[in-house]
Amino acid sequence: AQSVTQPDIHITVSEGASLELRCNYSYGATPYLFWYVQSPGQGLQLLLKYFSGDTLVQGIKGFEAEFKRSQSSFNLRKPSVHWSDAAEYFCAGGEAAGNKLTFGGGTRVLVKP
Amino acid sequence: GAVVSQHPSWVICKSGTSVKIECRSLDFQATTMFWYRQFPKQSLMLMATSNEGSKATYEQGVEKDKFLINHASLTLSTLTVTSAHPEDSSFYICSAREVDGGAWDRETQYFGPGTRLLVL
C-alpha cells in the first residue's frame, strides 16, 4: 500500500542552526512528492515539489529537498532556521496524475532563541 | 498565483443546524477539489474528492448524506455539514488541483486557509 512516513513527530532546533526533516515513501513507482508547511490555525502552504528530473529541488523560504530513490526518501532541509520557521511540516506523495495525495503524520518544528 | 480561499474562516453553530463552507480557486480553474478534515495535532484526513459537474467521491467511512459536496463551477466547491453535532467540530481544509504548467501529468494541490467549525 502507498504510504508516506515522517519518523520525527517533534524537532527542536536553535535559531540559526540547520534543519533536516525526514520523509520516507513507499510506492510502486516513483511518486510525485510535496512538502507543505502549516502555521497554527492556518491552511497548508506549498514549500516545494518533485515530479522528475533534478533530484535536488529548491523551494520557497530557503528550503530545499533531495529525492533519493535508493533510500525512498525526500528529506527537507534548511541551512539556517529562523524563528518564523516554527510550524508543522507535512510531506505528501501522489502516485500519478489525478491520484489522491497521501500525507505523512507531520513534524512539528520548535525554534529556540 | 494558485490561491485558494475558504469562507467562513470560522463558524459556531448550534447542534442540529447545517453549515455551508465555500472553497474557491481565485486565479485558476480547478476541475477537482478536495475536502479534508484535521483533528488537533494530527495530519489531514481526506473526506472526499469533488469533481466539477459530477458527484463527489467519498472516502470510506465518510457519510455522504451528512457531508454534502457540490462543485457547481470550475472555481467553487461547497461542503455542507448537515444536522451538525458536537463531534463534527473540527478544522476543515479544502484544496484545489492545478495542472502544473499545462502538463497534464503534473498536478499540484493548493490549499485553502481552513475553516474551524465549533458545534455547540
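Provided above is the structure to which this section pertains.
1. Quick notes on the overall build of chain A
Stage number 1. When you go through chain A residue by residue, the secondary structure sums to zero helices and twelve strands.
Stage number 2. Going residue by residue from the N terminus, the α and β elements of chain A occur as β-β-β-β-β-β-β-β-β-β-β-β.
Stage number 3. Taken over C-alpha atoms, the radius of gyration comes to 13 Å for chain A, in line with the 13 Å a tight globule of 113 residues would show.
Stage number 4. For chain A, the C-alpha atoms occupy an extent of roughly 40 × 30 × 20 Å along the three principal directions.

2. A few points about the pattern of salt bridges
Residues and elements named next belong to chain A.
Stage number 1. A complete count under the given rule lists nine salt bridges over all chains for this structure.
Stage number 2. In this structure, the salt-bridge partner of Asp-8 is Arg-22, at a minimum N-O distance of 2.9 Å. Placement of Asp-8 in the loop between β1 (3-5) and β2 (10-14) and of Arg-22 in the loop between β3 (19-21) and β4 (24-26) is noted, with a sequence separation of 14 residues between them.
Stage number 3. For Arg-22, a relative accessible area of 38% gives the class partly exposed.

3. Notes on the side chain of Gln6(B)
All names here are of chain B.
Stage number 1. Structurally, Gln-6 is set in strand β1 (residues 4-7).
Stage number 2. By relative accessible area, Gln-6 is classed as buried at 9%.
Stage number 3. For Gln-6, the side chain forms a polar contact with the main-chain nitrogen of Cys-94, separated by 3.0 Å.
Stage number 4. A distance of 3.0 Å separates a polar atom in the side chain of Gln-6 from the backbone nitrogen of Gly-114.
Stage number 5. In this view, Gln-6 contacts Ile-21, Glu-22, Cys-23, Trp-35, Tyr-92, Ile-93, Cys-94, Gly-112, Pro-113, Gly-114 and Thr-115; residues no more than four positions away in its chain are not counted.

4. Brief notes about the packing of aromatic side chains
Between two aromatic rings, the relevant description is the distance of the centres plus the angle of the planes.
Stage number 1. If you walk through the whole model with that rule in mind, you get 17 aromatic pairs over all chains.
Stage number 2. For the ring pair Phe103(A) and Tyr36(B), a centre distance of 5.7 Å and an interplane angle of 85° mean the geometry is edge-to-face. One end of the pair, Phe103(A), is in strand β11 (residues 102-103); the other, Tyr36(B), is in strand β4 (residues 32-38), on a second chain.
Stage number 3. What makes Phe103(A) buried here is its relative accessible area of 11%.
Stage number 4. Aromatic ring contacts, followed pair by pair, group Tyr32(A), Phe34(A), Tyr36(A), Phe51(A), Phe90(A), Phe103(A), Phe34(B), Tyr36(B) and Phe111(B) into a single cluster.

5. Re the interface of chain B and chain A
Stage number 1. Taken together, the contact pairs 25 residues of chain B with 22 residues of chain A.
Stage number 2. We note a salt bridge from Glu59(B) to Lys100(A), for which the minimum N-O separation is 3.0 Å.
Stage number 3. Viewed at the interface, chain A and chain B are joined by six residue pairs in polar contact (both at pLDDT 80 or more).
Stage number 4. Only β4, β5 (44-51), β9 (90-99) and β10 (107-111) of chain B provide two or more residues apiece to the side of chain B that touches chain A.
Stage number 5. At five residues, β10(B) tops the list of elements feeding residues into the side of chain B that touches chain A.
Stage number 6. Counted by class, the side of chain B that touches chain A contains ten nonpolar, seven polar and eight charged residues.

6. Concerning the environment of Lys100(A)
Stage number 1. For Lys100(A), the location among the structural elements is in the loop between β10 (87-94) and β11.
Stage number 2. For the pair formed by Lys100(A) and Gly59(A), sequence separation is 41 residues and the distance between their alpha carbons is 22 Å.
Stage number 3. Other than its neighbours up to four places away in sequence, Lys100(A) contacts Gly93(A), Gly94(A), Phe34(B), Leu46(B), Thr49(B) and Glu59(B).
Stage number 4. Among the polar contacts made by the side chain of Lys100(A), one reaches the side chain of Glu59(B) at a distance of 3.0 Å.

Thresholds applied
- Residues numbered from 1 in each chain as written.
- Chains lettered and ligands numbered in written order.
- Predicted model: local features only at pLDDT ≥ 70, side-chain atom pairs only at ≥ 80, totals over all residues.
- Heavy atoms only, no water.
- Helix = DSSP H or I, 4+ residues; strand = E, 2+ residues; numbered from the N terminus.
- Rg over C-alpha atoms; globule rule 2.2 N^0.38 Å.
- Salt bridge = Lys/Arg side-chain N within 4 Å of Asp/Glu carboxyl O.
- Buried < 20%, exposed > 50% of the residue type's maximum accessible area, 1.4 Å probe, protein only.
- Polar contact = N/O pair within 3.5 Å; in protein donor to acceptor, adjacent residues only side chain to side chain.
- Contact = heavy atoms within 4.5 Å.
- Phe/Tyr/Trp six-rings, centres within 6.5 Å; stacked < 30°, edge-to-face > 60°.
- Nonpolar A, V, L, I, M, F, W, Y, C, P; charged D, E, K, R; others polar.

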